[in-house]
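A closer look at the structure
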Amino acid sequence: MENTTQEVKFTEDNLTLAKEIMARYPEGKQKSALLPILHIAQRQFNDWLSPEVMDYVASILSIEPIEVYEVATFYSMYNLKPVGHCMIEFCQTGPCMVRGVEELIDYTEKKLGIKVGETTKDGKFSLKAVECLGACGYAPMVQIGKYYYENLDEKKIDKIIEVFSDPNSDTFKKYDI
Ligand code: FES
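All of these numbers come straight from a predicted model, not from anything done at the bench. (Residues numbered from 1 in each chain as written. Predicted model: local features only at pLDDT ≥ 70, side-chain atom pairs only at ≥ 80, totals over all residues.)

Looking now at the nonpolar core. In this structure, Ile37, Val57, Ile88 and Val142 are the most contacted members of the largest nonpolar core, which totals 39 residues. Taken together, domain 1 (12-74) and domain 2 (86-165) each give at least three residues to this core, which thus spans both. Non-local contacts of isoleucine 88, meaning those with residues more than four positions away in its chain, are made with Thr108, Phe125, Leu127, Val142, Ile144 and Ile160. (Core = buried A, V, L, I, M, F, W, Y, C linked by C-beta atoms within 7 Å. Buried ≥ 20, exposed ≤ 12 C-beta atoms within 10 Å, placed from the backbone. Domains from an automatic or database assignment. Contact = placed C-beta atoms within 7 Å.)

As a further point, take the domain arrangement of the protein chain. In terms of domain boundaries, the protein chain breaks down into domain 1 (12-74) and domain 2 (86-165). A straight line from the C-alpha centre of domain 1 to that of domain 2 covers 28 Å.

Read from one edge of the open sheet, four strands run E2-E1-E3-E4, paired in mixed fashion. This sheet does not close on itself; its edge strands, each paired only once, are strand E2 (125-130) and strand E4 (147-149). Taken over all neighbouring pairs, the strand axes of this sheet differ in orientation by 30° on average, direction set aside. (Pairing = 2+ DSSP bridges. Helix = DSSP H or I, 4+ residues; strand = E, 2+ residues; numbered from the N terminus. Axes fitted to C-alpha atoms, helices over the stretch in contact; angles between N-to-C directions.)

For the rest of this paragraph, the subject is the packing of helix H6 (residues 101-112) against helix H7 (residues 154-165). For any two helices packed against each other, one specifies the inter-axial angle together with the distance between the axes. Close contact between H6 and H7 brings their axes to 10 Å; oriented N to C, the two are set at 40°. Our classification of the angle between H6 and H7 gives oblique. Where H6 crosses over H7, the two elements pack in a sense that is right-handed. Of the residues in H7, those in contact with Leu104, Tyr107, Thr108 and Lys111 of H6 are Glu154, Ile157 and Ile161. Its residues placed into classes, the contact of H6 with H7 shows four nonpolar, one polar and two charged. (Parallel < 35°, antiparallel > 145°, perpendicular 65-115°, else oblique. Left-handed = near helix turned anticlockwise from the far one by under 90°. Nonpolar A, V, L, I, M, F, W, Y, C, P; charged D, E, K, R; others polar.)

Between helix H2 (residues 34-44) and helix H3 (residues 51-61), the shortest axis-to-axis distance is 11 Å and the interhelical angle comes to 135°. Compared by their axis directions, H2 and H3 come out oblique. Considering the relative orientation of H2 and H3, their crossing is right-handed. Counted together, Leu34, Ile37, Leu38 and Ala41 of H2 and Val53, Val57, Ile60 and Leu61 of H3 form the full contact between these two elements.

Shown next as structure tokens:
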């Protein structure tokens, strides 16, 4: 989970991608590429952004580190501390709440033995509560990595936990839940 002991530097592929994204903006406006570059950084550095990683991103974009911190601390999709292999992000806004997300969060917390904002001791799961993810018609729902899992109930939560307990599972792949 650590990302401070390894060298903070993009892989060649990620650096090329970052440069491609920066080139979409006019000279002097590279800061506009900050959000996608933070996503690249988060993915490379174990799903979270340490101060060292944010400083590196600032150096790539030739901006001040504080400009990166401001953005990274504003958006819930950026993790500022180590997280588990599988981050389950529960939408807790109105429609999901009406459709029982609070009970599902409660169920999941009990099942994993952690609260929202925490990570299991084995490093497999983290829980997060976020605002509307734009899939209200399929409430209650969660986001895991790149994908949504919708119309959830306790059985589906069990399946999610079963699937992502496997260390070889990939949160950037969609599973049939
Ligand atoms: S309220 Fe949950 S996706 Fe919109």
